[in-house]
Structures are given as structure tokens and as C-alpha cells.
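Each chain, written out:
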Amino acid sequence: MRRAGPFGAWATRERNLPRVLGWFSAAAMMVGLIIGSGIFRVPSVVAGSVGSVGSIALIWVLGGVLSLCGALVVAELACLYPEPGGEYIFLREAWGRPVAFLFGWTRLLLLTPASFGATSLILGAYLSPLLPWEWASDRLIAMSAIAFLTALNFRSLLWSALLENTLTVIKLLLLATLGFSILAWGAGDRGAFAQEVTFAPASWSGFGLALVTVMWTYSGWAGVAALVGEVKDPGRNVPKAMIGGMLSVLAIYLVLNTAYLYVLPVETMAGSSGVAADAAAVALGRWGAVVISVAVAVATFGSSQAAMMFNPRIFFAMARDGLLFSPIGGVHPRFLTPHMATLFTALLGMVFVLFRSFEQLAQAFILGVWPFHVLMVAAVFRFRKTKPDAHRPYRTWGYPVVPALFLAASAAMVLNALVAQPGLTLFGFGLILSGVPVYWVARRRAASQG
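On a predicted model such as this, the values are computed, not experimentally measured, just so you know.

Caption draft 1: A look at the overall build of the protein. Scanning the protein from terminus to terminus reveals 18 helices and 0 strands. When the 450 residues of the protein are sorted by exposure, 58% land in the buried category. Across the protein, contacts joining residues at least 24 apart in sequence account for 83% of those joining residues at least 6 apart.

Dropping the structure here:
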């Protein structure tokens, strides 16, 4: 049945999204969402914050382990509530609609445009020098990429998944080749491993702040849950996708950081604005810049495509709960995609690309998501208590230690950020809480409409 109104057949809310994705597509979306621009920039920030080879290695392993703990929990939640929306659905069912709305509000106002816009700008920055047209600016390339991905995701989830599968495979091959090439042809006698290897960080406060930044490069591990409503046999495919995806990301990150440290001293890494490019130049010469440009372009384009698959499902779920404009919850009657939510997501990304820089977007993103990750992981304890007999085709490995470890580490990380960077942290919390009056307005509006 088609909903009447100004959007006509574009507002078919009675239809559900079909289950068409397999485990590989879900894993590819997760890997594509996680591996974007971060691994090409963040290692220099980490080196400057912790200052020793051992602590650099420890922080990347710790970030991967914590993200894997979170993914193991999300896999159980996704199997318990296999419907579009992911984290929004879990927060709604565990802690109520106000908390879920604040998550959606923060993602609408900050997280979606920050991550989507920042990644698109990095794509433009690396592609523009390779193109022969002077008018091909960073922002124009970023806007064009968003427009193309919007059209593709509007038209077909299967076409979008095929593109993401291809980009993810190419991305993993390129990054693995880059890392092993640096190790094979680089001169290790000038790198960090040729110096004294110590494990103590320059300061534990700096270690905590660096961990926040590292967790940003791993962020996206909860993203595949937003697509669980379109995954075939979610009880089997979602855990396989999330565990396999996280292990692939951890392996690639460790290879690349090992390669950087092999050819660059820690001090050089700390002072580098493009650590991957510097390491490739040292090991591969003039071909290093070409390899890095191609790798960054593929990684960021794949991450933007994954974000265009992931973010609209959250807004789709919010609209179906009456917390966003009704047409955003529509399913296209022919293409069977959340087309209005896709257009809405693209609009958010384009607005921020026009008015913000990469640095502003990345800084805005880092802490905004963590309070909700903490609440989402804590939900597994609540559901085990309130729904002990619910069907769970997958249960979190290592429960209750795994979720408890994630919660303890996340609490310590946020408290350290509050002490070390109170202004930025409080700004993020304030932005989240600014959604409280908006929620009550939305609820009153939904109630008045029946």
C-alpha cells in the first residue's frame, strides 16, 4: 500500500527492506567503513603522544582487542534484534526512546557529517593532484563522490554491495602489498626498531588520549548492525562477518604500523603530516607517492560507500519511530531501498563538505560516539537479565568478561579525556544533551499526528 501525500509513491512505509546480503557483503561493508583515512594519518599522532616503539605497538593491539570485544557484543545484539537501525534499535530496546533519539540526534548533527564529510575531503585531496583538470578541487571531487554514491545506493543495495565488496578486496590487497613492500625494500637500520625498544609511554595521560584517536581508526565496528535487517540468516552470517571483519582490520593495521616503524624513527613519525607517504617514499622512492595516492583514494572511496550504506538505516529507523520526518522512513516501491534516508544522509554530508575542513570534522567525531558505545555494550547485561529466554542464535564469546573489559577500558578512556581535554569533551557531551528538548518536541509532534 502506498502512502498518499506530496511524496506520492516515494513514501511507501508499509514495505520492509528485503534480506539480500550474505556474510561476505556484511563483512566487506564493516571493513570498508573502518578502514578509511585514519591509518594514513593517526600513526603520527600516536607516535607523538606515546613516544616509544613498545607503547605504539601496545596501543594499536589494545585498540583492536577492545574493538573486537565490542563487535562480539554487537553480534549478539544484532541477532537478538535483526532489524534495520542497529545501534539505534539496541539503545531503544535497552534504555528507551529518549536515549536512542540522543544517539540518532548526535549522529545526525555530528557523527554522520563528520565521518562522511571528512572521508570525502581526504578522497578529494588525494585525487585532485592526479587529475588533469585545474577546476577539479578537493571539495568538488568530494561532492561528486557523494552524489555518485547517493545515486547508486538510491537505485540498488545489491549494486552498492557489489561495489563495496570489490573496493574492500582491492583495499586489503593494496594495503597488504604496501606494508610488505616497505618491509621488503626498506632499510631497517634507520627505523625505530634499530633504536632501543622501550614500552613505557611518555605519559599515561598521553597514552589515554592516543587510545581515543586509535579507537577512531577502528570506529565502524558497530556499523554492520545497521544493515542486519537486510542480511540473510543473520544468526549465522552477522557474527561471522563481524569477527572476520575485525580480525582483518587488526591484521592490516599491525602490518602497516610495523612497516612504518621499520623505516622511520619514532621522532620522524611524530613530526610527519603523512606518515604512510613518508614511509613509502623512503622504501619505494618516487613510486611510493603513486602507491599511497591510489591506496588512499581506494580506502576513502570504499569508506564513503560503506557510510552511505550504513548511516541511512539509522535515520530510516528513527523516522519509522516518528522521530524524524515521515518520508525518511519510506521504502522505494520498485528499488526496495531506503531512498529518502539516503538522500537525507547525502545532504548532511554535502553541507559539511562545503563549510568544514578535515581537521574540524575529525576532531568533532572522536568523542561523540563513545557514550553510546558504552550504553550499547552495557545493554547485553540488561537483556541477559530481562530476556533470559529470548532466542539467541549467537552468544557473546567470553561473556561476561568481554563486555566488562570493554566497559572498563571505555570508562577509563573517557575519564582521561575529560581530565586532559575538558573543553572538547564537555562540548561533545553538551552537543549530545542539546537533543533533549528536540526529542520532546519530536514526541509531541508524533503524538499530535496520531
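Having put the structure on the table, let's press on.
Caption draft 2: Quick peek at helix α17 (residues 422–433). Compared with the 16 Å implied by 1.5 Å per residue over 12 residues, the 16 Å span of α17 between its first and last C-alpha is a close match. The set of residues buried in α17 consists of Thr 425, Gly 428, Leu 431 and Ile 432. Buried residues of α17 fall within an arc of 125° about the axis and therefore sit on the same side. Exposed side of α17, more than 90 degrees from the buried face: Gly 423, Leu 426, Phe 427 and Leu 433 are the residues found there.

Caption draft 3: Structural detail: the pattern of salt bridges. All told, the structure shown has 8 salt bridges when counted by the stated rule. For Glu 93, the salt bridge is made with Arg 92, and the minimal N-O distance between the two is 2.8 Å. Residue classification places Glu 93 among the partly exposed positions, given a relative accessible area of 33%. Among the residues examined, Arg 92 registers a relative accessible area of 15% and is labelled buried. It is possible to trace a salt-bridge network through shared partners that takes in Glu 83, Arg 92, Glu 93, Arg 97 and Asp 321.

Caption draft 4: Highlighting the packing of aromatic side chains. If you walk through the whole model with that rule in mind, you get 15 aromatic pairs. Considering the side-chain rings of Trp 60 and Tyr 218, the 6.2 Å spacing of their centres and the 55° angle between planes classify their relative orientation as tilted. With Trp 60 in helix α3 (residues 53–80) and Tyr 218 in helix α8 (residues 204–218), this residue pair connects regions lying 158 residues apart in the sequence. For Trp 60, a relative accessible area of 1% corresponds to the buried category. Seen in terms of ring centroids, Phe 315 and Phe 344 are 5.3 Å apart; in terms of plane orientation they differ by 85°. Their pairing is edge-to-face. Pair noted here: Phe 315 is in helix α12 (residues 286–320) and Phe 344 is in helix α13 (residues 339–355), with a separation of 29 residues, a long-range link. Like Phe 315, the residue Phe 344 is buried in the burial classification. A connected cluster of aromatic rings, assembled from ring pairs, spans Phe 101, Trp 105, Tyr 439 and Trp 440. Positioned over the ring face of Trp 159 is Arg 155, at 4.7 Å from the centre of the ring. A cation sits over an aromatic face here: Arg 384 above Tyr 399, 3.9 Å from the ring centre.

Caption draft 5: Examining the nonpolar core more closely. Core analysis: the biggest nonpolar cluster contains 128 residues, and Ile 59, Trp 60, Tyr 88, Phe 90, Trp 221 and Tyr 253 have the highest contact counts within it. If one sorts the elements of this core by residue count, α3 sits on top with 15 residues. Those residues in contact with Tyr 253 that sit more than four places away from it in its chain are Ile 34, Ile 35, Ile 39, Trp 60, Thr 217 and Tyr 218. Among the nonpolar cores identified, the runner-up in size contains 13 residues, and Ala 145, Ile 146, Phe 301 and Val 353 belong to it.

Caption draft 6: Molecular detail of the packing of helix α7 (residues 157–185) against helix α9 (residues 234–263). Relative to each other, α7 and α9 sit at 30°, their axes nearing to 8 Å. Looking at the two axes, α7 sits roughly parallel to α9. In the crossing of α7 with α9, the sense of the turn from one axis to the other is left-handed. Every residue of α9 that contacts α7 at Leu 172, Leu 175, Ala 176, Leu 178, Gly 179, Phe 180, Ile 182 and Leu 183 is listed here: Ile 252, Val 255, Leu 256, Thr 258, Ala 259, Tyr 262 and Val 263. Along the lines of polarity and charge, the residues of the contact of α7 with α9 split into 13 nonpolar, 2 polar and no charged.

Caption draft 7: Representation of the packing of α3 against α8 within the structure. For the pair α3 and α8, the least separation of the axes is 9 Å and the interaxial angle reads 50°. Overall, the two elements α3 and α8 adopt an arrangement that is oblique. The two elements α3 and α8 cross, and the hand of that crossing is right-handed. Residues Ser 55, Leu 58, Ile 59, Trp 60, Leu 62, Gly 63, Gly 64, Leu 66 and Ser 67 of α3 form the contact with α8, whose participating residues are Phe 207, Ala 210, Leu 211, Val 214, Met 215, Thr 217 and Tyr 218.

Caption draft 8: Representation of unusual backbone geometry within the structure. Residue Pro 400 is bonded to the preceding Tyr 399 through a cis peptide linkage, with omega at 5°. Of note, Pro 400 is situated in the loop between α15 (370–386) and α16 (401–420). A positive phi angle is found at Asp 233, which is not glycine, with a value near 45°. Mapped onto the fold, Asp 233 is located in the loop between α8 and α9. Residue Asp 233 is classed as partly exposed on the basis of its relative accessible area, which comes to 42%. Backbone geometry places Leu 336, a non-glycine residue, at a positive phi of 60°.

Caption draft 9: Fine view of the environment of Val 212. As for its placement among the helices and strands, Val 212 is situated in helix α8. Taking the C-alpha atoms as reference, Val 212 lies 9.1 Å from Ser 410; in sequence the two are 198 residues apart.

Caption draft 10: Highlighting helix α4 (residues 87–95). In terms of burial, α4 is largely enclosed, as 7 of its 9 residues are buried. Inspection of α4 places Glu 87, Tyr 88, Ile 89, Phe 90, Leu 91, Arg 92 and Ala 94 among the buried residues, and these make up the whole buried set. Where α4 terminates, the next one or two residues include Gly 96, which has phi positive at roughly 100°.

Reading the values: the criteria
The residue count restarts for each chain, going from 1 along the sequence in the order it is written. Residues qualify for local features only when their pLDDT is at least 70, as the model is predicted, and side-chain atom pairs are given and counted only at 80 or more; totals for whole chains, interfaces and linings, by contrast, use all residues. By convention in this description, side-chain values take in all heavy atoms of the structure and omit both hydrogens and water. Think of it this way: any DSSP run of H or I at least four residues long counts as a helix, any run of E at least two long counts as a strand, and we number them from the N terminus. A 1.4 Å probe rolled over the protein chains alone gives each residue an accessible area, and that area as a share of the maximum for its type sets the label: buried under 20%, exposed over 50%, partly exposed in between. A contact between two residues is defined here by any heavy atoms of the two lying within 4.5 Å. What a helix is expected to span follows from its residue count: subtract one and scale by 1.5 Å. As used here, the arc belongs to the directions running from the helix axis to the C-beta atoms. Salt bridges are identified by distance alone: a Lys or Arg side-chain nitrogen within 4 Å of an Asp or Glu carboxyl oxygen. Stacked, edge-to-face and tilted labels apply to pairs of Phe, Tyr and Trp rings (six-membered ring for Trp) whose centres lie within 6.5 Å, assigned for plane angles under 30 degrees, over 60, and everything in between, in that order. We count a charge as sitting over a ring when the NZ of a lysine or the CZ of an arginine lies within 6 Å of the ring centre and within 35 degrees of the ring normal. As used in this record, nonpolar core signifies buried Ala, Val, Leu, Ile, Met, Phe, Trp, Tyr and Cys residues forming a set joined through side-chain atoms within 4.5 Å. Every axis in this analysis is a line fitted to C-alpha atoms, fitted for helices over the stretch in contact. Angles between the N-to-C directions lie between 0 and 180 degrees. Under this scheme an angle from 65 to 115 degrees is roughly perpendicular, one under 35 degrees roughly parallel, and one over 145 degrees roughly antiparallel; angles in between are oblique. Helix crossings get a hand from a simple test, with the near helix turned counterclockwise from the far one by less than a right angle marking a left-handed crossing and a clockwise turn marking a right-handed one. Here the nonpolar group is Ala, Val, Leu, Ile, Met, Phe, Trp, Tyr, Cys and Pro; Asp, Glu, Lys and Arg are the charged ones; every other residue, Gly included, is treated as polar.

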